[in-house]
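# A closer look at the structure
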Amino acid sequence: AVVSTQSTGQHYYITNNLSDKMDKVGVAVRQRYQKLLDDVVPYMIPRWLFVCGIVFYFIYRIMTLQGWYISCYALAIFHLNLFIAFLSPKIDPSFEMSESLDDDEGPSLPTNNSEEFRPFIRRLPEFKFWEQTVISTLIAIISTFFDCFNVPVFWPILVMYFFILFFLTMKRQIRHMIKYRYLPFTHGKTKYKDSNKEQTMTEPPKPVAEEPLNPDTLIPM
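Just so you know, these numbers come straight off a predicted model, no measurement behind them.

### Re the overall build of the protein chain
The number of helices and strands found in the protein chain is eight helices and zero strands. Order of helices (α) and strands (β) in the protein chain, N terminus to C terminus: α-α-α-α-α-α-α-α. Taking all contacts inside the protein chain whose residues are at least 6 apart in sequence as the whole, residues at least 24 apart take part in 85%. With an accessible surface of roughly 18600 Å², the protein chain has 65% of that area assigned to carbon and sulfur atoms.

### Re unusual backbone geometry
Even without glycine at this site, Gln-66 takes up a positive phi of about 55°. The residue Gln-66 is located in the loop between α2 (44-65) and α3 (69-87) in this model. A positive phi angle is found at Trp-68, which is not glycine, with a value near 60°. On the secondary structure map, Trp-68 appears in the loop between α2 and α3. When its relative accessible area of 7% is taken as the criterion, Trp-68 is described as buried.

### Notes on the nonpolar core
Counting 14 residues, the largest nonpolar core has Phe-58, Ile-62, Trp-130 and Val-134 as the members making the most contacts within it. Of all the secondary-structure elements, those providing two or more residues to this core are α2, α3 and α6 (126-143). Setting aside anything within four residues of it in sequence, one finds Phe-58 in contact with Ser-71, Cys-72, Leu-75, Ala-140, Ile-141 and Thr-144. Within the second largest apolar cluster, 11 residues are counted, among which are Leu-82, Leu-87, Phe-129 and Met-170.

### Topic: the confidence of the model for the protein chain
On average, residues of the protein chain score 78 in pLDDT, and 66% of them are at 70 or above. Low pLDDT (under 50) marks residues 104-111, which in the prediction has six contacts with non-local residues, meaning those over four places away or in another chain.

### A word on the packing of α2 against α6
Think of two packed helices as two axes; the pair is described by the angle between the axes and how far apart they sit. The contact between α2 and α6 brings their axes to 10 Å, and the two run at 25°. It follows that α2 is roughly parallel to α6 by the angle criterion. Crossing of α2 against α6: the hand is left-handed. Contacts between α2 and α6 involve Met-44, Arg-47, Trp-48, Phe-50, Val-51, Ile-54, Val-55, Tyr-57, Phe-58 and Arg-61 from the first element and Glu-126, Phe-127, Phe-129, Trp-130, Thr-133, Val-134, Thr-137, Ala-140 and Ile-141 from the second. For the contact of α2 with α6, a count of residues per class yields 14 nonpolar, two polar and three charged.

### Observations regarding a nonpolar patch on the surface
The grouping of Phe-154, Ile-157, Met-160, Tyr-161, Ile-164, Phe-167 and Leu-168 at the surface amounts to a nonpolar patch, some 730 Å² of accessible area in total. Residue position: Ile-164 is located in helix α7 (residues 155-180).

### Some words on the side chain of Glu-131
You can see Glu-131 is positioned in helix α6. Taking the relative accessible area as the measure of exposure, Glu-131 reaches 11% and is therefore buried. Separated by 2.7 Å, the side chains of Glu-131 and Tyr-33 make a polar contact. Excluding residues within four positions of it along the chain, Glu-131 makes contact with Tyr-33 and Leu-37.

What counts, and at which threshold
- Residues numbered from 1 in each chain as written.
- Predicted model: local features only at pLDDT ≥ 70, side-chain atom pairs only at ≥ 80, totals over all residues.
- Heavy atoms only, no water.
- Helix = DSSP H or I, 4+ residues; strand = E, 2+ residues; numbered from the N terminus.
- Contact = heavy atoms within 4.5 Å.
- Areas by Shrake-Rupley, 256 points an atom, 1.4 Å probe, with all protein chains shown as cover.
- Buried < 20%, exposed > 50% of the residue type's maximum accessible area, 1.4 Å probe, protein only.
- Core = buried A, V, L, I, M, F, W, Y, C linked by side-chain atoms within 4.5 Å.
- pLDDT = per-residue confidence, 0-100.
- Axes fitted to C-alpha atoms, helices over the stretch in contact; angles between N-to-C directions.
- Parallel < 35°, antiparallel > 145°, perpendicular 65-115°, else oblique.
- Left-handed = near helix turned anticlockwise from the far one by under 90°.
- Nonpolar A, V, L, I, M, F, W, Y, C, P; charged D, E, K, R; others polar.
- Patch = residues over 30% accessible without salt bridge, like charges linked within 9 Å, V, L, I, M, F, W, Y side chains within 5 Å.
- Salt bridge = Lys/Arg side-chain N within 4 Å of Asp/Glu carboxyl O.
- Polar contact = N/O pair within 3.5 Å; in protein donor to acceptor, adjacent residues only side chain to side chain.

Take a look at the structure:
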């Protein structure tokens, strides 16, 4: 009984020690990953160029290997869902309108200037869109190294399904944007400038009128 108790205690100690080491390794990996994400946040154009590079590499592998069309189709559908979430507002205007109609007072107009402007907040921010695109593309590339994911399918049907789904989804999204009058991009929006600041910058300074000299105040030489 004593031997069994000692062996159980040693096993419990080894298990706890191993779990503690695994937790420390996991924390270190998450910290390094977060540090890497924080470092690449300001470089938006190089980040998306990297995405284009790995996507083109994945397409090149699909074309050269002549297989893994299911992985390609799943990746395209996932990227389409990310893109729709990137274009959609965080709070659906139709949901807000239905809530306002349910109230007894009904929808109210803004009462001050601060309520008129509502910035567009995306459901999926740009950086999260980039991060999930990179992760999903890398997973799709890794899947091309395993034959178990190479399911034989007739790929023209998958291409046709994807284009039909893309057309219907984008048509619904564009109708939603037109109906609720929002634009998910900053390019092309009206930019207002301070009229007082422009007036001070464009108008030249007015000359100061000189007062006439009074002969009584002159000092004789």
